Amino acid sequence: MKSIFIIEHLEPELWPWCIIEYKHISKIVGPNNLWFTNIKKKDQRKLEGYGKVILESVKDLKLEDSCVLDPESPNLLTPRKSKEFQHFIFGGILGDYPPKKRTQEELTPFLEGTQAFNIGKEQMSTDNAVYVTKQIIEGKNLADLKFQDELEIDINDIESTILPYRYTLVDGKPLISPELVNFLKKQ
Ligand SMILES: C[S@@+](CC[C@H](N)C(=O)[O-])C[C@H]1O[C@@H](n2cnc3c(N)ncnc32)[C@H](O)[C@@H]1O
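Residues numbered from 1 in each chain as written. Predicted model: local features only at pLDDT ≥ 70, side-chain atom pairs only at ≥ 80, totals over all residues. Heavy atoms only, no water.

Trainee: An account of the overall build of the protein is needed here, citing residue identities and associated values.
Mentor: Counting its secondary structure elements, the protein contains five helices and nine strands. Helices (α) and strands (β) of the protein occur, in sequence order from the N terminus, as β-α-β-β-β-α-β-α-β-α-β-β-β-α. In terms of overall size, the protein behaves like a compact globule, its C-alpha atoms giving a radius of gyration of 16 Å where 187 residues would be expected to give roughly 16 Å. For the protein, the spread of C-alpha atoms along the three principal axes comes to 50 × 40 × 30 Å. Classification of the 187 residues of the protein by burial places 49% in the buried group. Sequence-distant contacts in the protein: of pairs separated by 6 or more residues, those separated by 24 or more amount to 64%. Accessible surface for the protein amounts to roughly 10,100 Å². Of this, 49% is attributable to carbon and sulfur atoms. In the protein, the 25 positive side-chain charges and the 29 negative ones have mean positions that sit 4 Å from each other. (Helix = DSSP H or I, 4+ residues; strand = E, 2+ residues; numbered from the N terminus. Rg over C-alpha atoms; globule rule 2.2 N^0.38 Å. Buried < 20%, exposed > 50% of the residue type's maximum accessible area, 1.4 Å probe, protein only. Contact = heavy atoms within 4.5 Å. Areas by Shrake-Rupley, 256 points an atom, 1.4 Å probe, with all protein chains shown as cover. Lys, Arg positive; Asp, Glu negative; His and termini not counted. Charge placed at Lys NZ, Arg CZ, Asp CG, Glu CD.)

Quick look at the structure:
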């Protein structure tokens, strides 16, 4: 049974930052395993080719064998538990600091019968959360993965910006889309 990763877009607009992150998620899991839900018709084409684009909200799809990833859930997702599910639902929500608990407020309560899990208590970007969930599905425990809390991006020789989120270390380097780094440098 192949796993489907579902990003329920919950920002008021499909901001450039969201598109960059969603493209990165498509690279991580492959477009055939990725659905974007709650997408406005005017934005449909912007995500074409990166996954299945669905105008309806995942809340209305009434999927069985699904779980939602929510930092506020008391239950940790483990490889064994992940085998019970085919659909893994994430909030298409940009990071905020301090966390506003938007997943808990805007997503989890509307997914009737869907179990919620955390992948640690720290807030990750959606692409990092998808990467970590994929690793867990493939048999790794959260404790097997390495993380870095907070990432500093150099904008130029004197300025930098801090991203106050948890990043997975892949081959010793924090997982972030190179396109996002360029985007931040140009801001
Ligand atoms: C940037 S986070 C949203 C953070 C926002 N402050 C909140 O609490 O909803 C985007 C998505 O990644 C997933 N996510 C991030 N960190 C997570 C964690 N530690 N446990 C479970 N899911 C997480 C969730 O699906 C979340 O909706």
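Trainee: Could you give me a rundown of the packing of aromatic side chains, with the residues and numbers involved?
Mentor: By the definition in use, this model includes five aromatic pairs. Plain terms: the ring middles of Tyr-22 and Phe-36 are 5.4 Å apart, the flat faces sit at 25° to each other, and that makes the pair stacked. Taken together, the residues span a long stretch of sequence, with Tyr-22 in helix α1 (residues 16-29) and Phe-36 in strand β2 (residues 34-37) at a distance of 14 residues. Among the residues examined, Tyr-22 registers a relative accessible area of 2% and is labelled buried. Owing to a relative accessible area of 0%, Phe-36 belongs among the buried residues under this scheme. The ring of Trp-35 carries the charged tip of Lys-52 above its face, separated from the ring centre by 4.8 Å. (Phe/Tyr/Trp six-rings, centres within 6.5 Å; stacked < 30°, edge-to-face > 60°. Lys NZ or Arg CZ within 6 Å of the ring centre and 35° of its normal.)

Trainee: I'd like a rundown of the site of the ligand, residues and numbers included.
Mentor: What surrounds the ligand is a group of 23 residues, the closest being Leu-69, Asp-96, Thr-103, Gly-120 and Glu-122. At a separation of 2.9 Å, a nitrogen atom of the ligand approaches a polar backbone atom of Gly-120. Protein coverage of the free-state accessible area of the ligand, which is 580 Å², stands at 99%. When each cavity is represented as a set of grid points, the ligand is found to reside in the largest pocket. At the level of secondary structure, the elements contributing two or more residues to the shell around the ligand comprise β5 (87-92), α3 (102-106) and α4 (126-137). A class-by-class count of the residues in the shell around the ligand yields 10 nonpolar, seven polar and six charged. (Near = heavy atom within 4 Å. Polar contact = N/O pair within 3.5 Å; in protein donor to acceptor, adjacent residues only side chain to side chain. 1 Å grid on protein atoms, 1.4 Å probe; cavity = no way out; pocket = protein on both sides within 12 Å on 5 of 7 lines; lining within 4 Å. Sits in = over half its atoms within 2 Å of the grid points. Nonpolar A, V, L, I, M, F, W, Y, C, P; charged D, E, K, R; others polar.)

Trainee: Which residues make up the sheet that holds strand β8 (residues 160-170), and what values go with them?
Mentor: In a beta sheet, neighbouring strands are held together by backbone hydrogen bonds and run either parallel or antiparallel to one another. Read from one edge of the open sheet, three strands run β7-β8-β9, paired in antiparallel fashion. The open sheet terminates on both sides in strands that have one partner only, identified here as β7 (147-154) and β9 (173-174). Taken together, the seven bridges between β7 and β8 define a ladder with antiparallel strand orientation. Within β8, the residue paired with Ile-153 across the bridge is Thr-161. Contacts from α4 reach β7 and β8 within the one sheet, and its direction differs from that of β8 by about 10°. (Pairing = 2+ DSSP bridges. Axes fitted to C-alpha atoms, helices over the stretch in contact; angles between N-to-C directions.)

Trainee: An account of the layout of surface pockets is requested, with residue identities and associated values reported.
Mentor: Of the volumes computed, that of the largest pocket is approximately 560 Å³. If you go around the largest pocket, you meet 33 residues; those closest to its centre are Pro-71, Thr-103, Glu-122, Gln-123 and Met-124. Every element with two or more residues in the lining of the largest pocket is listed here: β5, α3, α4, β7 and β8. The residue inventory of the lining of the largest pocket, partitioned by class, reads 13 nonpolar, nine polar and 11 charged. (Points joined across faces, edges and corners; volume = space filled by probe spheres on them.)

Trainee: Could you give an account of unusual backbone geometry, with specific residues and numbers?
Mentor: Among all residues except glycine, the phi angle is most often negative; among peptide bonds, the trans geometry is most common. The step from Tyr-97 to Pro-98 runs through a cis peptide bond, and the omega angle for that step is -5°. Tracing the chain through its elements places Pro-98 in the loop between β5 and α3. Phi at Asn-38 is positive, roughly 65°, even though this residue is not glycine. Relative to the helices and strands, Asn-38 resides in the loop between β2 and β3 (52-53). For Asn-38, a relative accessible area of 28% corresponds to the partly exposed category. The phi angle at Lys-101 is positive, at roughly 55°, despite the residue not being glycine.

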